[in-house]
Amino acid sequence: MARTFSAAISILIICLAVAGCASPVRDDIQAVATKDPVFFPPAPEEPRIQFLCNLKRSEDTAPEAGWLERFIVGERPTARKTIVKPYGVAIRDGKVYVADSGDSCIVVMDMRNKRRKTLGNTGPGKLKMPINIFFAEDGLLYVADTVRNQVLVYRPDGTYVTAYGETKDFRPADVLVYGEEVFVLNIKEHNIKVYDKKTRKLKRTLGARGVEPGEYNYPSNFALDSDGHILVSDMLNFRVQKIDVTGTPLLQFGKAGDTPGRFALPKGIAVDREGIVYVVDNKMRIVKLFNKEGRALMHFGGAGDEDGNGGLLLPAQVIVDYDNLELFREYIAPSFDAQYLILVTSQYGKNKVSVFAFGTSKVVAQPTEQ
């Protein structure tokens, strides 16, 4: 009897081991799309943006261990099933980098190999609350950490390099690199700190708190256009400002409100090669598009649902990318001529990173009979 029981247990352990190899707790990622294409604006308007997919972990659908497996092999370590609370996002060389402020790390999603890893978890480069990220031309990754009160720099493989900022009045919300200077949006003092890239010393400060051009009230994000001008999401002034690298105001647009051309709560901002400006309206759950003169063009997103219709839930950041479109080619409708990618993060809900494409319809509109 004892021998039979022992043999049964041995067989059971072998079966469980095989089952564990067949469906392990993995760390890969997948893209989830809709069955039918979703366009903005919707028909009968001519489409300009297609929702492609949401990025998520495959562990979201992995089965949990049964009680017998837990009894024999013990409890498995609890693994994160999704990004906790994303804010900033970047894409480079087929990898999507997400600043996870809720899990104090940068999540790296390798879209070619369908794998996921994190950086900034340990050592002198350990993150506390990463908010926004930026890749410089030399390949270094700059991370604005609003609790550590520094901008940290890493190589793409996660190796920590250095940090900028050490004062108590410094709370970085965003960062960008232009030439040999590092621009840091300091939300605590409502200004922009400019550092020498090599020496890491402060060179100048742009702006102050206020409502006049060149002044800010809780600036949350900024972006660099192709002319070397900086666009600032001036959150509680409910506007976008364009300045040059000396801080000189060039343009401003937007007021408080929920109509086209106005903002309920502007946050993330991006600009494409043609000067089209993308602004996340966090409260309205949409991304608004403006031309280079600040005239409202259209919007996309919306509350929607969480099953893949391009809806957003408290969106935070938006970026545009021209280099990785082929990674998402399978999701692009045959009737749509996609030109570049748009990535948007949502701080809540299960769709943490939503991928869209900007383009035009391949279908030529037929003239109507008079």
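Draft legend 1. Up close: the overall build of the chain. For the chain, the count of helices and strands is two helices and 26 strands. Residues counted as buried form 49% of the 370 residues belonging to the chain. Of the contacts formed within the chain by residues at least 6 apart in sequence, a portion of 48% connects residues at least 24 apart. Counting every atom, the chain has about 18100 Å² of accessible surface; 53% of that belongs to carbon and sulfur.

Draft legend 2. How the structure looks around unusual backbone geometry. The step from Phe40 to Pro41 runs through a cis peptide bond, and the omega angle for that step is -10 degrees. Residue Pro44 follows Ala43 across a cis peptide bond; omega there is 10 degrees. Examined against the element boundaries, Pro44 turns out to sit in the loop between strand E2 (38–40) and strand E3 (49–57). Notably, Asp93 is not glycine yet its phi reads approximately 50 degrees, a positive angle. Mapping Asp93 onto the fold places it in the loop between strand E4 (86–92) and strand E5 (95–100). A positive phi angle is found at Lys114, which is not glycine, with a value near 55 degrees.

Draft legend 3. Quick peek at the nonpolar core. Judged by nonpolar contacts, the single largest core of 26 residues is most densely connected at Leu52, Leu55, Val96, Met109 and Phe328. When residues of this core are assigned to their parent elements, the largest contribution, four residues, is made by strand E25 (residues 336–346). Ignoring sequence-local partners within four residues, the contact set of Phe328 consists of Leu52, Cys53, Leu55, Ile91, Met111, Leu341 and Val355. Judged by nonpolar contacts, the second largest core, of 20 residues, contains Ile49, Ala270, Met298 and Val318.

Draft legend 4. Structural view of the pattern of salt bridges. In total, this model carries eight salt bridges according to the counting rule given. Two residues, Arg239 and Asp234, come together in a salt bridge whose shortest N-O distance is 2.8 Å. The same class applies to Arg239 and to Asp234, which are both buried.

Draft legend 5. Geometry of the side chain of Asp225. Note on placement: Asp225 falls in the loop between strand E16 (219–224) and strand E17 (230–234). Despite being buried, Asp225 has no salt bridge partner; Lys242 is the closest side chain of opposite charge, sitting 4.0 Å away. A polar side-chain atom of Asp225 sits 3.1 Å from the main-chain amide nitrogen of Gly228. Polar side-chain contacts of Asp225 include one of 2.8 Å to the backbone nitrogen of His229.

Draft legend 6. Quick peek at the pairing of strand E19 (residues 249–253). One ladder, built from four bridges, connects strand E18 (residues 239–243) with E19; its direction is antiparallel. Counted as the bridge partner of Gln241 is Gln252 from E19. The turn joining E18 and E19, which pair antiparallel and follow one another in sequence, is formed by five residues; a positive phi near 95 degrees is taken by Gly247.

Draft legend 7. Spatial organisation of the pairing of strand E21 (residues 277–281). With five of five residues buried, E21 lies mostly within the body of the structure. Burial along E21 is two-sided: the face carrying Val277, Val279 and Asp281 and the face carrying Tyr278 and Val280 are both buried. Bridging between strand E20 (residues 266–271) and E21 involves four bridges; their strand directions are antiparallel. In the sheet register, Ile269 faces E21, and the bridge partner there is Val279. Where E20 folds back onto E21 in an antiparallel hairpin, the turn is made up of five residues, including Gly275, whose phi is positive at roughly 95 degrees. One ladder, built from five bridges, connects E21 with strand E22 (residues 286–290); its direction is antiparallel. Across the sheet, Val279 pairs through a bridge with Lys288, a residue of E22. Remark: four residues form the turn of the hairpin made by E21 and E22, two consecutive strands paired antiparallel; Arg285 in that turn has positive phi of roughly 65 degrees.

Draft legend 8. Structural view of the sheet that holds E19. Sheet architecture is open: four strands sit in the order E16-E17-E18-E19, paired in antiparallel fashion. Each edge of the sheet is formed by a strand with only one pairing partner; in this case those strands are E16 and E19. Neighbouring strand axes in the sheet, compared pairwise and without regard to direction, differ in orientation by 20 degrees on average. Sheet analysis places E16 next to E17, joined by five bridges and oriented antiparallel. Following the sheet pairing, Ala223 is matched in E17 by Leu231.

Draft legend 9. Up close: the packing of aromatic side chains. One pass over the structure, following the stated rule, counts 15 aromatic pairs. Between Tyr97 and Phe135, the ring centres sit 4.8 Å apart and the planes meet at 75 degrees, which makes this aromatic pair edge-to-face. In this pair, Tyr97 is assigned in strand E5 and Phe135 in strand E8 (residues 130–135), connecting sequence segments 38 residues apart. For Phe135, a relative accessible area of 13% puts it in the buried group. Ring plane angle 70 degrees and centroid distance 6.1 Å describe the contact between Phe170 and Tyr195, whose orientation is recorded as edge-to-face. You can see Phe170 sitting in the loop between strand E11 (160–164) and strand E12 (172–178) and its partner Tyr195 sitting in strand E14 (residues 191–196), a full 25 residues away along the chain. Judged by its relative accessible area of 1%, Phe170 falls in the buried class. The class for Tyr195 is buried, based on a relative accessible area of 7%. Taken together, Phe40, Phe51, Tyr278, Phe300 and Phe356 form an aromatic cluster joined through their ring pairs. Stacked on the ring of Tyr322, the Lys or Arg Arg273 has its end atom at 3.7 Å from the ring centre.

Here is what the cut-offs are and how they apply
- Residues numbered from 1 in each chain as written.
- Predicted model: local features only at pLDDT ≥ 70, side-chain atom pairs only at ≥ 80, totals over all residues.
- Heavy atoms only, no water.
- Helix = DSSP H or I, 4+ residues; strand = E, 2+ residues; numbered from the N terminus.
- Buried < 20%, exposed > 50% of the residue type's maximum accessible area, 1.4 Å probe, protein only.
- Contact = heavy atoms within 4.5 Å.
- Areas by Shrake-Rupley, 256 points an atom, 1.4 Å probe, with all protein chains shown as cover.
- Core = buried A, V, L, I, M, F, W, Y, C linked by side-chain atoms within 4.5 Å.
- Salt bridge = Lys/Arg side-chain N within 4 Å of Asp/Glu carboxyl O.
- Lys, Arg positive; Asp, Glu negative; His and termini not counted.
- Polar contact = N/O pair within 3.5 Å; in protein donor to acceptor, adjacent residues only side chain to side chain.
- Pairing = 2+ DSSP bridges.
- Axes fitted to C-alpha atoms, helices over the stretch in contact; angles between N-to-C directions.
- Phe/Tyr/Trp six-rings, centres within 6.5 Å; stacked < 30°, edge-to-face > 60°.
- Lys NZ or Arg CZ within 6 Å of the ring centre and 35° of its normal.

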